[in-house]
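Chain by chain, the residues run as shown.
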Amino acid sequence: MSAATPPPAVIPALTEYLLALADDKFFLGHLDSDWTGLAPLLEEDIAFSSLSQDEIGHASAIYQLIATWDGRSADRIAFGRAPGQYRCASITTIEDDFDWATAIARRWFCDHFDALRLQRLCGSNFAPLKALATRIAAEERIHAAHSDAWIVRLGKGNADSRGRLQAAVDRLSTPAADLFEPTPGVSDLEAAGVILSDPRMFERWKESLERVAAAGGISLRVSPRAASAPPAGRAGRHQPGFAAVHAELSEVFQLEPDAAW
Amino acid sequence: MRLLLQPDETAKRRRNKQRGRPRRERGATMLTRDRVMNVLQGIDDPEMPISIIELGIVDDVRIETRTDGDAVHVRLLPTFVGCPALDLLREMVEERLRASGAQAVHVEFVFDPPWSVSRISQAGRERLERFGIAVPQRGGQGGGASTCQAASRPALVPLSRSGGEDAGALYEAQESEPVRCPLCGSEQTTLHSPFGPTRCRSIHYCADCRNAFERMKDV
Ligand SMILES: [Zn+2]
(Lines give C-alpha, C1' and ligand atoms only; values in the text may rest on other atoms or scores of the structure.)
Protein backbone atom coordinates (compact mmCIF):
# COMPACT_ATOMS: atom_id res chain seq x y z
CA MET A 1 0.00 0.00 0.00
CA SER A 2 1.30 3.41 -0.89
CA ALA A 3 1.22 6.28 1.54
CA ALA A 4 -1.06 9.22 0.85
CA THR A 5 1.48 11.62 2.31
CA PRO A 6 5.28 11.65 2.00
CA PRO A 7 7.54 10.65 4.90
CA PRO A 8 7.34 13.54 7.43
CA ALA A 9 11.12 13.98 7.52
CA VAL A 10 11.29 15.00 3.86
CA ILE A 11 8.19 17.20 3.75
CA PRO A 12 10.03 20.56 3.96
CA ALA A 13 12.49 19.57 1.20
CA LEU A 14 9.76 18.10 -1.00
CA THR A 15 7.58 21.18 -0.56
CA GLU A 16 10.48 23.39 -1.71
CA TYR A 17 11.27 21.14 -4.67
CA LEU A 18 7.64 21.02 -5.81
CA LEU A 19 7.11 24.75 -5.29
CA ALA A 20 10.05 25.36 -7.64
CA LEU A 21 8.43 23.10 -10.25
CA ALA A 22 4.94 24.56 -9.86
CA ASP A 23 6.11 28.18 -9.64
CA ASP A 24 8.19 27.78 -12.84
CA LYS A 25 5.10 26.50 -14.62
CA PHE A 26 2.79 29.07 -13.08
CA PHE A 27 4.90 32.06 -14.14
CA LEU A 28 5.81 30.68 -17.57
CA GLY A 29 2.17 29.83 -18.23
CA HIS A 30 1.12 33.30 -17.17
CA LEU A 31 3.64 35.05 -19.42
CA ASP A 32 2.83 32.80 -22.40
CA SER A 33 -0.86 33.59 -22.07
CA ASP A 34 -0.04 37.14 -23.24
CA TRP A 35 0.16 35.67 -26.76
CA THR A 36 -3.50 34.64 -26.82
CA GLY A 37 -4.95 36.69 -29.65
CA LEU A 38 -1.58 38.11 -30.69
CA ALA A 39 0.53 35.19 -31.90
CA PRO A 40 1.90 35.43 -35.45
CA LEU A 41 -0.28 32.53 -36.73
CA LEU A 42 -3.74 31.34 -35.79
CA GLU A 43 -2.27 27.91 -34.99
CA GLU A 44 0.18 29.53 -32.61
CA ASP A 45 -2.58 31.47 -30.95
CA ILE A 46 -4.16 28.13 -30.10
CA ALA A 47 -0.78 26.56 -29.33
CA PHE A 48 0.28 29.23 -26.85
CA SER A 49 -3.16 29.30 -25.26
CA SER A 50 -2.97 25.51 -24.89
CA LEU A 51 0.58 25.61 -23.56
CA SER A 52 -0.45 28.19 -20.96
CA GLN A 53 -3.48 26.17 -20.01
CA ASP A 54 -1.28 23.08 -19.61
CA GLU A 55 1.36 24.87 -17.54
CA ILE A 56 -1.15 26.51 -15.23
CA GLY A 57 -3.06 23.22 -15.01
CA HIS A 58 0.16 21.40 -14.08
CA ALA A 59 0.99 24.08 -11.51
CA SER A 60 -2.51 23.86 -10.06
CA ALA A 61 -2.32 20.06 -9.72
CA ILE A 62 1.05 20.35 -7.97
CA TYR A 63 -0.22 23.07 -5.61
CA GLN A 64 -3.16 20.78 -4.82
CA LEU A 65 -0.77 17.93 -4.08
CA ILE A 66 1.24 20.18 -1.74
CA ALA A 67 -2.03 21.26 -0.09
CA THR A 68 -2.67 17.64 0.95
CA TRP A 69 0.03 17.98 3.64
CA ASP A 70 0.43 21.74 3.85
CA GLY A 71 -1.98 23.70 6.03
CA ARG A 72 -2.77 26.14 3.21
CA SER A 73 -5.25 25.77 0.35
CA ALA A 74 -3.94 25.40 -3.20
CA ASP A 75 -5.20 28.89 -4.07
CA ARG A 76 -3.43 30.41 -1.11
CA ILE A 77 -0.20 28.63 -2.03
CA ALA A 78 -0.54 29.81 -5.64
CA PHE A 79 -1.50 33.42 -5.03
CA GLY A 80 -1.13 34.23 -1.37
CA ARG A 81 2.62 34.03 -0.77
CA ALA A 82 4.93 37.01 -0.33
CA PRO A 83 7.27 37.55 -3.34
CA GLY A 84 10.26 36.14 -1.42
CA GLN A 85 8.43 32.84 -0.91
CA TYR A 86 8.15 32.04 -4.63
CA ARG A 87 10.72 29.57 -5.94
CA CYS A 88 10.61 30.12 -9.71
CA ALA A 89 13.84 30.53 -11.69
CA SER A 90 14.45 33.93 -13.27
CA ILE A 91 13.93 32.73 -16.87
CA THR A 92 10.26 32.06 -16.12
CA THR A 93 9.71 35.69 -15.11
CA ILE A 94 11.56 37.45 -17.95
CA GLU A 95 9.00 39.21 -20.12
CA ASP A 96 9.33 38.85 -23.89
CA ASP A 97 7.97 42.30 -24.80
CA PHE A 98 6.13 40.55 -27.66
CA ASP A 99 9.31 39.35 -29.32
CA TRP A 100 8.34 35.95 -30.75
CA ALA A 101 11.90 34.62 -30.76
CA THR A 102 12.22 35.40 -27.04
CA ALA A 103 8.94 33.65 -26.26
CA ILE A 104 10.09 30.57 -28.22
CA ALA A 105 13.58 30.50 -26.72
CA ARG A 106 12.16 30.91 -23.19
CA ARG A 107 9.87 27.92 -23.73
CA TRP A 108 12.65 25.89 -25.33
CA PHE A 109 15.05 26.13 -22.38
CA CYS A 110 12.24 25.42 -19.91
CA ASP A 111 10.66 22.53 -21.85
CA HIS A 112 13.93 20.63 -22.10
CA PHE A 113 14.64 21.23 -18.42
CA ASP A 114 11.16 20.06 -17.41
CA ALA A 115 11.43 16.86 -19.43
CA LEU A 116 14.47 15.88 -17.36
CA ARG A 117 13.11 17.15 -14.05
CA LEU A 118 9.90 15.14 -14.54
CA GLN A 119 11.86 11.97 -15.24
CA ARG A 120 13.29 12.27 -11.74
CA LEU A 121 9.76 12.48 -10.32
CA CYS A 122 8.29 9.70 -12.47
CA GLY A 123 10.48 7.27 -10.53
CA SER A 124 9.33 8.54 -7.15
CA ASN A 125 8.36 6.05 -4.44
CA PHE A 126 5.67 8.51 -3.32
CA ALA A 127 2.76 7.19 -5.40
CA PRO A 128 0.63 10.34 -5.87
CA LEU A 129 3.69 12.25 -7.10
CA LYS A 130 4.77 9.44 -9.41
CA ALA A 131 1.28 9.28 -10.99
CA LEU A 132 0.98 13.03 -11.49
CA ALA A 133 4.52 13.42 -12.85
CA THR A 134 3.99 10.57 -15.31
CA ARG A 135 0.87 12.23 -16.68
CA ILE A 136 2.52 15.66 -16.88
CA ALA A 137 5.58 14.17 -18.62
CA ALA A 138 3.33 12.72 -21.33
CA GLU A 139 1.92 16.18 -22.03
CA GLU A 140 5.34 17.82 -21.91
CA ARG A 141 6.51 15.72 -24.87
CA ILE A 142 4.30 17.86 -27.05
CA HIS A 143 5.62 21.07 -25.50
CA ALA A 144 9.22 20.20 -26.27
CA ALA A 145 8.28 19.15 -29.81
CA HIS A 146 6.60 22.52 -30.30
CA SER A 147 9.55 24.62 -29.18
CA ASP A 148 12.02 22.40 -31.09
CA ALA A 149 9.98 22.85 -34.27
CA TRP A 150 10.08 26.63 -33.89
CA ILE A 151 13.81 26.71 -33.15
CA VAL A 152 14.35 24.84 -36.43
CA ARG A 153 11.85 26.94 -38.37
CA LEU A 154 13.24 30.29 -37.21
CA GLY A 155 16.84 29.09 -37.48
CA LYS A 156 16.35 27.89 -41.04
CA GLY A 157 14.15 30.83 -42.03
CA ASN A 158 15.85 34.00 -43.23
CA ALA A 159 18.62 36.17 -41.85
CA ASP A 160 16.12 38.21 -39.85
CA SER A 161 14.47 35.24 -38.11
CA ARG A 162 17.80 33.53 -37.49
CA GLY A 163 19.34 36.73 -36.12
CA ARG A 164 16.47 37.38 -33.76
CA LEU A 165 16.44 33.79 -32.53
CA GLN A 166 20.19 33.79 -31.98
CA ALA A 167 19.94 37.04 -30.00
CA ALA A 168 17.14 35.62 -27.83
CA VAL A 169 18.99 32.36 -27.20
CA ASP A 170 22.16 34.27 -26.29
CA ARG A 171 20.28 36.62 -23.98
CA LEU A 172 18.45 33.81 -22.15
CA SER A 173 21.20 31.21 -21.86
CA THR A 174 22.58 32.58 -18.57
CA PRO A 175 19.22 32.94 -16.76
CA ALA A 176 18.30 29.51 -18.18
CA ALA A 177 21.17 27.90 -16.26
CA ASP A 178 19.56 29.25 -13.07
CA LEU A 179 16.88 26.59 -13.55
CA PHE A 180 19.53 24.32 -12.02
CA GLU A 181 19.84 26.31 -8.78
CA PRO A 182 19.07 23.65 -6.16
CA THR A 183 16.41 23.91 -3.51
CA PRO A 184 17.45 22.82 0.03
CA GLY A 185 17.41 19.13 0.91
CA VAL A 186 17.59 17.59 -2.57
CA SER A 187 20.07 14.92 -1.42
CA ASP A 188 17.67 13.93 1.38
CA LEU A 189 14.88 13.51 -1.16
CA GLU A 190 17.15 11.36 -3.30
CA ALA A 191 18.23 9.24 -0.34
CA ALA A 192 14.58 8.68 0.61
CA GLY A 193 13.68 7.69 -2.95
CA VAL A 194 11.15 10.50 -3.30
CA ILE A 195 13.04 11.84 -6.33
CA LEU A 196 15.66 10.10 -8.45
CA SER A 197 19.15 11.49 -8.64
CA ASP A 198 20.49 12.60 -12.01
CA PRO A 199 24.12 13.69 -11.69
CA ARG A 200 24.38 14.28 -15.46
CA MET A 201 21.23 16.36 -15.69
CA PHE A 202 22.99 19.53 -16.87
CA GLU A 203 24.98 17.68 -19.53
CA ARG A 204 21.87 15.85 -20.72
CA TRP A 205 19.98 19.16 -20.91
CA LYS A 206 22.83 20.77 -22.87
CA GLU A 207 23.10 17.82 -25.26
CA SER A 208 19.39 17.78 -26.03
CA LEU A 209 19.41 21.54 -26.69
CA GLU A 210 22.53 21.23 -28.85
CA ARG A 211 20.92 18.63 -31.11
CA VAL A 212 18.07 21.01 -31.88
CA ALA A 213 20.32 24.07 -32.17
CA ALA A 214 22.42 22.20 -34.74
CA ALA A 215 19.31 21.28 -36.74
CA GLY A 216 18.32 24.96 -36.75
CA GLY A 217 21.84 26.18 -37.55
CA ILE A 218 22.20 28.36 -34.47
CA SER A 219 24.94 28.40 -31.87
CA LEU A 220 24.40 27.68 -28.20
CA ARG A 221 26.60 28.54 -25.25
CA VAL A 222 25.34 27.38 -21.88
CA SER A 223 27.50 26.93 -18.79
CA PRO A 224 26.55 25.28 -15.52
CA ARG A 225 25.52 27.62 -12.77
CA ALA A 226 28.52 28.10 -10.49
CA ALA A 227 28.19 26.57 -7.03
CA SER A 228 29.40 29.90 -5.65
CA ALA A 229 26.77 31.91 -7.53
CA PRO A 230 24.65 34.10 -5.22
CA PRO A 231 21.18 32.82 -4.24
CA ALA A 232 18.60 33.51 -6.95
CA GLY A 233 14.99 32.63 -7.77
CA ARG A 234 14.93 29.28 -6.01
CA ALA A 235 15.81 31.12 -2.78
CA GLY A 236 13.21 33.79 -3.39
CA ARG A 237 15.77 36.36 -4.66
CA HIS A 238 14.10 37.46 -7.83
CA GLN A 239 15.02 39.75 -10.71
CA PRO A 240 13.54 43.26 -10.72
CA GLY A 241 10.94 42.19 -13.31
CA PHE A 242 9.44 39.60 -10.93
CA ALA A 243 7.44 42.08 -8.84
CA ALA A 244 5.41 43.33 -11.79
CA VAL A 245 4.58 39.81 -13.06
CA HIS A 246 3.71 38.61 -9.54
CA ALA A 247 1.49 41.64 -8.89
CA GLU A 248 -0.32 41.06 -12.17
CA LEU A 249 -1.02 37.37 -11.69
CA SER A 250 -2.16 37.70 -8.07
CA GLU A 251 -4.12 40.91 -8.61
CA VAL A 252 -7.59 39.35 -8.58
CA PHE A 253 -6.83 37.08 -5.63
CA GLN A 254 -5.49 40.00 -3.59
CA LEU A 255 -8.73 41.96 -4.05
CA GLU A 256 -10.45 39.54 -1.67
CA PRO A 257 -8.08 36.81 -0.42
CA ASP A 258 -10.81 35.00 1.54
CA ALA A 259 -13.38 34.94 -1.25
CA ALA A 260 -14.77 31.56 -2.25
CA TRP A 261 -14.49 30.91 -6.03
CA MET B 1 -70.91 11.32 13.92
CA ARG B 2 -69.27 8.12 13.00
CA LEU B 3 -69.30 9.17 9.38
CA LEU B 4 -67.33 12.23 10.31
CA LEU B 5 -64.85 10.42 12.50
CA GLN B 6 -64.05 7.67 10.09
CA PRO B 7 -62.19 9.64 7.46
CA ASP B 8 -60.41 11.50 10.22
CA GLU B 9 -59.21 8.25 11.72
CA THR B 10 -58.09 7.00 8.35
CA ALA B 11 -56.09 10.13 7.71
CA LYS B 12 -54.44 9.82 11.12
CA ARG B 13 -53.62 6.20 10.50
CA ARG B 14 -52.15 7.09 7.12
CA ARG B 15 -50.03 9.83 8.65
CA ASN B 16 -48.75 7.48 11.34
CA LYS B 17 -47.90 4.88 8.76
CA GLN B 18 -45.92 7.41 6.76
CA ARG B 19 -44.04 8.60 9.82
CA GLY B 20 -43.07 5.07 10.69
CA ARG B 21 -41.56 4.38 7.28
CA PRO B 22 -37.84 4.59 6.79
CA ARG B 23 -37.03 7.81 4.99
CA ARG B 24 -35.19 6.19 2.07
CA GLU B 25 -38.37 4.64 0.65
CA ARG B 26 -39.81 8.05 0.02
CA GLY B 27 -36.79 9.36 -1.96
CA ALA B 28 -35.79 6.64 -4.37
CA THR B 29 -34.80 3.03 -4.62
CA MET B 30 -31.53 1.98 -3.03
CA LEU B 31 -28.60 2.79 -5.25
CA THR B 32 -26.78 -0.11 -6.80
CA ARG B 33 -23.52 -0.05 -8.69
CA ASP B 34 -25.39 -0.90 -11.90
CA ARG B 35 -27.74 2.00 -11.40
CA VAL B 36 -24.89 4.44 -10.75
CA MET B 37 -23.05 3.19 -13.85
CA ASN B 38 -26.24 3.67 -15.85
CA VAL B 39 -26.53 7.26 -14.69
CA LEU B 40 -22.86 7.90 -15.56
CA GLN B 41 -23.36 6.27 -18.98
CA GLY B 42 -25.99 8.96 -19.58
CA ILE B 43 -23.55 11.82 -18.94
CA ASP B 44 -21.68 13.09 -21.97
CA ASP B 45 -18.26 14.70 -21.80
CA PRO B 46 -18.78 18.50 -21.76
CA GLU B 47 -16.69 18.90 -24.91
CA MET B 48 -17.45 15.84 -27.06
CA PRO B 49 -20.47 13.68 -27.91
CA ILE B 50 -19.26 10.70 -25.93
CA SER B 51 -20.36 9.32 -22.59
CA ILE B 52 -17.86 9.64 -19.75
CA ILE B 53 -18.05 5.85 -19.38
CA GLU B 54 -17.23 5.35 -23.07
CA LEU B 55 -14.40 7.87 -22.80
CA GLY B 56 -12.92 5.72 -20.05
CA ILE B 57 -12.53 8.47 -17.47
CA VAL B 58 -14.56 6.71 -14.77
CA ASP B 59 -12.01 4.77 -12.75
CA ASP B 60 -14.05 3.60 -9.81
CA VAL B 61 -17.44 3.92 -8.15
CA ARG B 62 -18.07 3.15 -4.49
CA ILE B 63 -21.43 3.26 -2.73
CA GLU B 64 -21.45 3.91 0.97
CA THR B 65 -24.72 3.04 2.74
CA ARG B 66 -25.44 5.49 5.50
CA THR B 67 -28.42 5.95 7.82
CA ASP B 68 -29.36 9.22 6.10
CA GLY B 69 -29.06 7.81 2.57
CA ASP B 70 -26.42 6.54 0.17
CA ALA B 71 -23.19 8.42 -0.47
CA VAL B 72 -21.56 7.80 -3.84
CA HIS B 73 -17.80 8.19 -4.31
CA VAL B 74 -16.67 8.54 -7.92
CA ARG B 75 -13.04 8.52 -9.01
CA LEU B 76 -12.46 10.20 -12.37
CA LEU B 77 -9.31 10.30 -14.52
CA PRO B 78 -8.71 13.65 -16.23
CA THR B 79 -7.76 13.28 -19.91
CA PHE B 80 -5.38 16.21 -19.51
CA VAL B 81 -4.07 17.61 -16.23
CA GLY B 82 -5.14 21.15 -17.07
CA CYS B 83 -8.47 20.24 -18.66
CA PRO B 84 -10.71 23.25 -18.00
CA ALA B 85 -13.88 21.12 -18.09
CA LEU B 86 -13.10 19.29 -14.83
CA ASP B 87 -15.19 21.53 -12.58
CA LEU B 88 -18.11 21.34 -14.98
CA LEU B 89 -17.76 17.56 -15.10
CA ARG B 90 -17.75 17.35 -11.31
CA GLU B 91 -20.95 19.41 -11.13
CA MET B 92 -22.68 17.28 -13.76
CA VAL B 93 -21.83 14.03 -11.98
CA GLU B 94 -22.94 15.42 -8.61
CA GLU B 95 -26.18 16.80 -9.97
CA ARG B 96 -27.19 13.66 -11.87
CA LEU B 97 -26.39 11.24 -9.07
CA ARG B 98 -28.26 13.38 -6.53
CA ALA B 99 -31.25 13.45 -8.84
CA SER B 100 -31.04 9.65 -8.95
CA GLY B 101 -31.30 9.35 -5.20
CA ALA B 102 -27.79 9.78 -3.83
CA GLN B 103 -27.77 11.68 -0.56
CA ALA B 104 -24.15 12.77 -1.04
CA VAL B 105 -21.77 12.61 -4.01
CA HIS B 106 -17.98 12.86 -3.74
CA VAL B 107 -16.09 13.28 -7.01
CA GLU B 108 -12.34 12.87 -6.87
CA PHE B 109 -9.90 13.38 -9.76
CA VAL B 110 -6.92 11.04 -9.71
CA PHE B 111 -3.98 10.41 -12.07
CA ASP B 112 -3.38 6.78 -11.19
CA PRO B 113 -4.00 4.91 -13.44
CA PRO B 114 -3.22 7.49 -16.09
CA TRP B 115 -5.96 8.03 -18.66
CA SER B 116 -5.00 7.12 -22.22
CA VAL B 117 -6.90 6.73 -25.50
CA SER B 118 -6.70 2.97 -25.03
CA ARG B 119 -9.43 3.44 -22.40
CA ILE B 120 -11.99 4.62 -24.98
CA SER B 121 -14.56 1.86 -25.59
CA GLN B 122 -15.47 0.53 -29.05
CA ALA B 123 -18.88 2.24 -28.85
CA GLY B 124 -17.14 5.47 -27.87
CA ARG B 125 -14.71 5.19 -30.79
CA GLU B 126 -17.61 4.77 -33.19
CA ARG B 127 -19.46 7.77 -31.79
CA LEU B 128 -16.38 9.98 -32.06
CA GLU B 129 -15.62 8.84 -35.63
CA ARG B 130 -19.20 9.54 -36.67
CA PHE B 131 -18.82 13.01 -35.19
CA GLY B 132 -15.64 13.51 -37.25
CA ILE B 133 -12.98 12.90 -34.60
CA ALA B 134 -10.45 10.19 -35.43
CA VAL B 135 -9.27 7.87 -32.65
CA PRO B 136 -5.90 6.08 -32.66
CA GLN B 137 -6.66 2.37 -33.08
CA ARG B 138 -3.80 1.07 -30.99
CA GLY B 139 -4.26 4.08 -28.78
CA GLY B 140 -1.84 4.58 -25.96
CA GLN B 141 0.55 1.92 -27.27
CA GLY B 142 2.98 4.32 -28.84
CA GLY B 143 2.01 7.13 -26.51
CA GLY B 144 3.63 8.43 -23.42
CA ALA B 145 1.02 8.09 -20.74
CA SER B 146 1.92 4.84 -19.10
CA THR B 147 5.61 5.12 -18.39
CA CYS B 148 8.13 7.86 -18.08
CA GLN B 149 10.47 6.12 -20.48
CA ALA B 150 7.78 6.31 -23.15
CA ALA B 151 7.19 9.95 -22.24
CA SER B 152 10.82 10.79 -22.95
CA ARG B 153 10.55 9.60 -26.57
CA PRO B 154 9.80 12.45 -28.96
CA ALA B 155 6.14 12.70 -29.95
CA LEU B 156 6.92 14.80 -33.00
CA VAL B 157 10.05 15.99 -34.73
CA PRO B 158 10.58 19.29 -36.55
CA LEU B 159 9.60 19.06 -40.21
CA SER B 160 12.66 18.80 -42.39
CA ARG B 161 10.85 18.97 -45.76
CA SER B 162 8.23 21.33 -47.13
CA GLY B 163 4.76 20.86 -45.71
CA GLY B 164 3.41 20.41 -49.26
CA GLU B 165 -0.21 21.45 -49.43
CA ASP B 166 -0.16 22.24 -45.73
CA ALA B 167 2.06 25.32 -45.66
CA GLY B 168 1.58 25.75 -41.92
CA ALA B 169 2.86 22.28 -41.02
CA LEU B 170 5.67 22.34 -38.46
CA TYR B 171 6.15 18.74 -37.46
CA GLU B 172 6.80 15.26 -38.65
CA ALA B 173 4.50 13.13 -36.52
CA GLN B 174 5.97 9.94 -35.05
CA GLU B 175 2.76 7.95 -35.31
CA SER B 176 2.67 4.26 -34.54
CA GLU B 177 -0.03 3.76 -37.19
CA PRO B 178 -1.38 5.59 -40.27
CA VAL B 179 -3.79 8.40 -39.41
CA ARG B 180 -7.09 7.72 -41.19
CA CYS B 181 -9.41 10.56 -42.17
CA PRO B 182 -12.78 10.02 -40.43
CA LEU B 183 -14.57 11.82 -43.28
CA CYS B 184 -13.36 9.82 -46.31
CA GLY B 185 -11.23 7.02 -44.88
CA SER B 186 -8.03 8.09 -46.67
CA GLU B 187 -4.68 7.64 -45.00
CA GLN B 188 -3.11 10.46 -47.03
CA THR B 189 -3.14 12.79 -44.06
CA THR B 190 -0.71 15.10 -42.31
CA LEU B 191 -0.56 16.51 -38.80
CA HIS B 192 -1.39 20.20 -38.97
CA SER B 193 -1.04 21.05 -35.28
CA PRO B 194 -0.93 19.07 -32.04
CA PHE B 195 -2.94 21.88 -30.43
CA GLY B 196 -6.63 21.50 -31.22
CA PRO B 197 -9.88 22.92 -29.86
CA THR B 198 -9.51 20.93 -26.65
CA ARG B 199 -6.41 19.68 -24.89
CA CYS B 200 -7.01 16.06 -25.92
CA ARG B 201 -7.39 16.67 -29.69
CA SER B 202 -4.94 17.49 -32.50
CA ILE B 203 -5.70 18.93 -35.95
CA HIS B 204 -4.94 16.99 -39.15
CA TYR B 205 -5.32 17.61 -42.85
CA CYS B 206 -6.56 15.12 -45.44
CA ALA B 207 -4.92 15.41 -48.87
CA ASP B 208 -7.73 13.37 -50.50
CA CYS B 209 -10.92 15.10 -49.39
CA ARG B 210 -9.02 18.29 -48.48
CA ASN B 211 -10.70 18.67 -45.16
CA ALA B 212 -9.23 19.41 -41.79
CA PHE B 213 -10.23 16.95 -39.10
CA GLU B 214 -9.52 16.33 -35.45
CA ARG B 215 -8.02 13.32 -33.75
CA MET B 216 -7.73 12.19 -30.17
CA LYS B 217 -4.08 12.63 -29.18
CA ASP B 218 -2.19 9.40 -28.86
CA VAL B 219 -1.37 9.73 -25.21
ZN1 LIG C 1 -10.51 12.79 -46.05
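Just so you know, these numbers come straight off a predicted model, no measurement behind them. (Residues numbered from 1 in each chain as written. Chains lettered and ligands numbered in written order. Predicted model: local features only at pLDDT ≥ 70, side-chain atom pairs only at ≥ 80, totals over all residues. Heavy atoms only, no water.)

A. Inspection of the overall build of chain A at higher detail. A count of helices and strands for chain A gives ten helices and zero strands. Taken against the 2.2 N^0.38 rule, which gives 18 Å for 261 residues, the C-alpha radius of gyration of chain A at 18 Å falls within 12% of a compact globule. Reported as C-alpha extents along the three principal axes, the dimensions of chain A are approximately 55 × 45 × 35 Å. Residues classed as buried in chain A amount to 56% of the 261 residues present. Sequence separation of 24 or more characterises 80% of the internal contacts of chain A that already satisfy a separation of 6 or more. Looking at chain A as shown, the accessible area adds up to about 10,500 Å², and 57% of this sits on carbon and sulfur atoms. (Helix = DSSP H or I, 4+ residues; strand = E, 2+ residues; numbered from the N terminus. Rg over C-alpha atoms; globule rule 2.2 N^0.38 Å. Buried < 20%, exposed > 50% of the residue type's maximum accessible area, 1.4 Å probe, protein only. Contact = heavy atoms within 4.5 Å. Areas by Shrake-Rupley, 256 points an atom, 1.4 Å probe, with all protein chains shown as cover.)

B. Geometry of the pairing of strand 8 (residues 201-206) of chain B. Residue and element names in this part refer to chain B. Burial analysis of strand 8 places six of its six residues in the buried class, which makes it a mostly covered element. Here strand 8 shows a buried face lined by R201, I203 and Y205 and a second buried face lined by S202, H204 and C206. Relative to strand 8, strand 7 (residues 189-193) is paired through four bridges, and the arrangement is antiparallel. Bridge pairing links T189 to C206 in strand 8. Counting the residues in the hairpin turn of strand 8 and strand 9 (residues 212-216) gives five residues, including R210, whose phi is positive at 55°. (Pairing = 2+ DSSP bridges.)

C. Region of the structure containing empty space enclosed by the protein. In total, this model carries five cavities of 30 Å³ or more according to the counting rule given. Reported here for the second largest cavity is a volume of approximately 100 Å³. (1 Å grid on protein atoms, 1.4 Å probe; cavity = no way out; pocket = protein on both sides within 12 Å on 5 of 7 lines; lining within 4 Å. Points joined across faces, edges and corners; volume = space filled by probe spheres on them.)

D. How the structure looks around the domain arrangement of chain B. All names here are of chain B. According to the domain assignment, chain B consists of domain 1 (22-109) and domain 2 (132-216). At the junction of the two partners, domain 1 supplies six residues and domain 2 supplies six residues. Approximately 500 Å² of surface area, both sides summed, lies buried where domain 1 meets domain 2, with 80% of it carried by carbon and sulfur atoms. On the domain 1 side of the contact with domain 2, E47, M48 and F80 bury the most area, a combined 74% of that side's loss. The interface formed by domain 1 and domain 2 contains zero salt bridges. There are one residue pair in polar contact (both at pLDDT 80 or more) connecting domain 1 and domain 2. Across the side of domain 1 that touches domain 2, the residue classes break down as four nonpolar, one polar and one charged. (Domains from an automatic or database assignment. Buried area = accessible area lost by both parts, 1.4 Å probe. Salt bridge = Lys/Arg side-chain N within 4 Å of Asp/Glu carboxyl O. Polar contact = N/O pair within 3.5 Å; in protein donor to acceptor, adjacent residues only side chain to side chain. Nonpolar A, V, L, I, M, F, W, Y, C, P; charged D, E, K, R; others polar.)

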